[in-house]
Amino acid sequence: SQVSLYGGQVLSWRTDQGEELLFAIFKPPNPVRGGIPICFPQFGNRGALEQHGFARKKLWVVDGNPPPLHPNDSYGKSFVDLLLKPSEDDLKMWPHSFEFRLRVAITAEGNLAMVSRIRNINCKPFSFSIAYHTYLSISDINEVRVEGLETLDYLDNLLRRERFTEQGDTLTFESEVDRVYLSSSDVISVFDHQSKRTFQIRKKGLPDVVVWNPWEKKAKAMADLGDEEYKQMLCVDGAAIEKPITLKPGEEWTGRLELSLIPSS
């Protein structure tokens, strides 16, 4: 696994055989498109800040001495702890003091685990939204299906965030999709038929799931994405968007995401 201090962004997660499981494009001087950018303290343009907030464009530091995590979250030896605190410029844009601790770990089974801890060190409450904007590497968007979203309400960002209810048993892709599924279960599965594998996304503290693929027309308009590359990517995010998280002074929120790969027949 590779993690960038710029943005606290996971750039790579591989199988034991060295196969890359995250979609990422490195085209300097652009920031990396893909991996797992962290959207904080705002998702998308739902607020006064820049798109997806500022955390993904800040330099994080390695946290040499983080407060202890719950034993279930310690993940053995292969992990890194990062820390983001607001700069004076950040406080002008978003006047709330916080500490954002992020542990990125590879578990003994080869899963990618991320634990976020956000603490309010302000003297007044604040609210935020957050998403792990996970770009999964897939063989062909037309051959993928997502399970675990059936019967849920979702907000459709292509239709001014209008609210709909998912009718299908599984979600498949034939055109651009940009949705926030609300109050989902804690396990979502992404079946990639062509490569005969399934991504499993387990989450805690992250009630919503963003599903995004730009499709052909949007991909052509994106300078950092090749015209055909939308076929090899699908974003499925663990997130807290619809009901922002509110922290009282001194209070801490924890959100967990674990990605695993299951061979399927």
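Reading the values: the criteria
For every chain, the first residue of the written sequence is number 1, and numbering continues from 1 along that sequence. Residues qualify for local features only when their pLDDT is at least 70, as the model is predicted, and side-chain atom pairs are given and counted only at 80 or more; totals for whole chains, interfaces and linings, by contrast, use all residues. As a rule here, side-chain values come from all non-hydrogen atoms in the structure, and water together with hydrogens is ignored. UniProt positions are given in the numbering used here, feature names are shortened, and annotations may be inferred rather than shown by experiment. The numbering of helices and of strands both runs from the N terminus, where a helix is a DSSP run of H or I of at least 4 residues and a strand a run of E of at least 2. Here a residue-residue contact requires only that any non-hydrogen atoms of the pair lie within 4.5 Å. Surface accessibility follows the Shrake-Rupley procedure with a 1.4 Å probe radius. Residue values consider only the protein chains on display as shielding. Under the convention used here, Asp and Glu are negative, Lys and Arg are positive, and both His and the chain ends fall outside the count. Lys charges are placed at NZ, Arg charges at CZ, Asp charges at CG and Glu charges at CD. Criterion used throughout: strands pair if DSSP finds at least two bridges between them. Within 3.5 Å is the distance limit for a polar contact, defined as a pair of N or O atoms, with the added protein rule that one can donate a hydrogen and the other accept it, and that residues adjacent in sequence qualify only through two side-chain atoms. In plain words, nonpolar cores are sets of buried Ala, Val, Leu, Ile, Met, Phe, Trp, Tyr and Cys residues tied together by side-chain atoms within 4.5 Å. With a 1.4 Å probe rolled over the protein chains alone, any residue whose accessible area is under 20% of its type maximum counts as buried; one over 50% counts as exposed, and the rest are partly exposed. In summary, the pairing rule links any two rings of Phe, Tyr or Trp, Trp by its six-membered ring, whose centres are within 6.5 Å, and it sorts them by plane angle into stacked for under 30 degrees, edge-to-face for over 60 and tilted for everything else. Remark: a charge is flagged as sitting over a ring if the NZ atom of Lys or the CZ atom of Arg is within 6 Å of the ring centre and within 35 degrees of the ring normal. The disulfide criterion used throughout: a pair of cysteine sulfur atoms within 2.5 Å.

In the nomenclature of an unreviewed UniProt entry, the chain is known as glucose-6-phosphate 1-epimerase of Linum tenue. Quoted verbatim from the Sequence similarities (unreviewed entry) field of the UniProt record, the comment on the chain reads "Belongs to the glucose-6-phosphate 1-epimerase family." Regarding the chain, the UniProt comment filed under Catalytic activity (unreviewed entry) reads as follows: "alpha-D-glucose 6-phosphate = beta-D-glucose 6-phosphate".

A. Structural context of the overall build of the chain. The number of helices and strands found in the chain is two helices and 21 strands. Its C-alpha atoms put the chain at 50 × 45 × 40 Å along the principal axes. Once local pairs closer than 6 in sequence are excluded, the contacts in the chain between residues at least 24 apart make up 67%. Accessible surface computed for the chain: about 12,400 Å², of which carbon and sulfur atoms make up 50%. Computed over 32 positive and 37 negative side-chain charges, the inter-centroid distance for the chain is 5 Å.

B. Examining the environment of Arg197 more closely. Residue placement: Arg197 occurs in strand β18 (residues 197–204). Each C-alpha atom, one on Arg197 and one on Pro263, is 4.4 Å from the other, the two residues being 66 residues apart in sequence. In this structure, Arg197 is in contact with Glu19, Glu20, Leu21, Ser137, Val190, Phe191, Asp192, Leu261, Ile262, Pro263 and Ser264, ignoring residues within four places of it in sequence.

C. Spatial organisation of the sheet that holds strand β15 (residues 171–172). Taking strand neighbours across the sheet as the criterion, the nine strands line up as β6-β7-β8-β9-β21-β18-β17-β12-β15 in an open arrangement whose pairing is antiparallel. Edge strands, defined here as strands with exactly one partner in the open sheet, are β6 (61–62) and β15. Pairing analysis gives two bridges linking β6 to strand β7 (residues 79–84), with the strands arranged antiparallel. Counterpart to Val62 in the pairing with β7 is Leu82.

D. Layout of the UniProt feature "binding site: substrate" (unreviewed entry) in the chain. Those residues carrying the UniProt feature "binding site: substrate" (unreviewed entry) are Arg33, Gln51 and Arg56 in this numbering. Spanning 24 residues, the named residues form one tight spatial group whose C-alpha atoms are at most 14.3 Å apart. Considering the arrangement of structural elements, one finds Arg33 in strand β4 (residues 33–34). Among all residues touching Arg33, those that are not within four sequence positions of it are Phe23, Ala24, Ile25, Tyr135, Trp212, Met222, Asp224 and Leu225. When residues no more than four places from it in sequence are discounted, the contact partners of Arg56 are Tyr6, Gly7, Pro37, Ile38 and Gln51. A distance of 3.2 Å separates a polar side-chain atom of Arg56 from the backbone oxygen of Gln51.

E. Spatial organisation of the nonpolar core. Formed by 63 residues in total, the largest nonpolar core has its most connected members in Phe40, Phe100, Phe128, Phe173 and Leu234. It is strand β20 (residues 233–247) that provides the largest number of residues to this core, a total of seven residues. Apart from residues no more than four positions distant in its own chain, Phe128 is found in contact with Phe40, Pro41, Trp94, Ile118, Pro244, Ile245, Leu247 and Trp253. With nine residues, the next largest nonpolar core counts Phe43, Ala131, Leu155 and Val180 among its residues.

F. Summary view of the packing of aromatic side chains. As enumerated under the stated definition, the model contains 17 aromatic pairs in all. Ring centres 6.4 Å apart and planes at 50° place the aromatic pair Trp13 and Phe199 in the tilted group. Here Trp13, found in the loop between β2 (9–12) and β3 (24–25), pairs with Phe199, found in strand β18; they are 186 residues apart in sequence, far enough to count as distant. In this structure, Trp13 and Phe199 share a single accessibility class: buried. An aromatic cluster of at least three residues, connected via ring pairs, comprises Phe40, Phe54, Trp60, Trp94, Phe98, Phe100, Phe126, Phe128 and Trp253. Lying over the aromatic face of Phe191, Arg145 brings its terminal NZ or CZ to 4.0 Å of the ring centre.

G. Expanded view of the pairing of strand β19 (residues 208–213). Counting buried positions along β19 yields six of six residues, so the element is predominantly enclosed. Burial along β19 is two-sided: Asp208, Val210 and Trp212 and Val209, Val211 and Asn213, pointing in opposite directions, are all buried. Here strand β16 (residues 177–181) runs beside β19; their pairing, made up of five bridges, is antiparallel. Bridging across to β19, Arg179 finds its partner in Val211. Pairing of β19 with β20 involves five bridges; the strand directions are antiparallel. Bridge pairing in β20 links Val211 to Val236.

H. Examining the state of the cysteines more closely. One pass over the structure, following the stated rule, counts zero disulfides. The thiol of Cys235 is not disulfide-bonded; the next cysteine sulfur, from Cys39, is found 9.1 Å away. Given a relative accessible area of 0%, Cys235 falls into the buried group.

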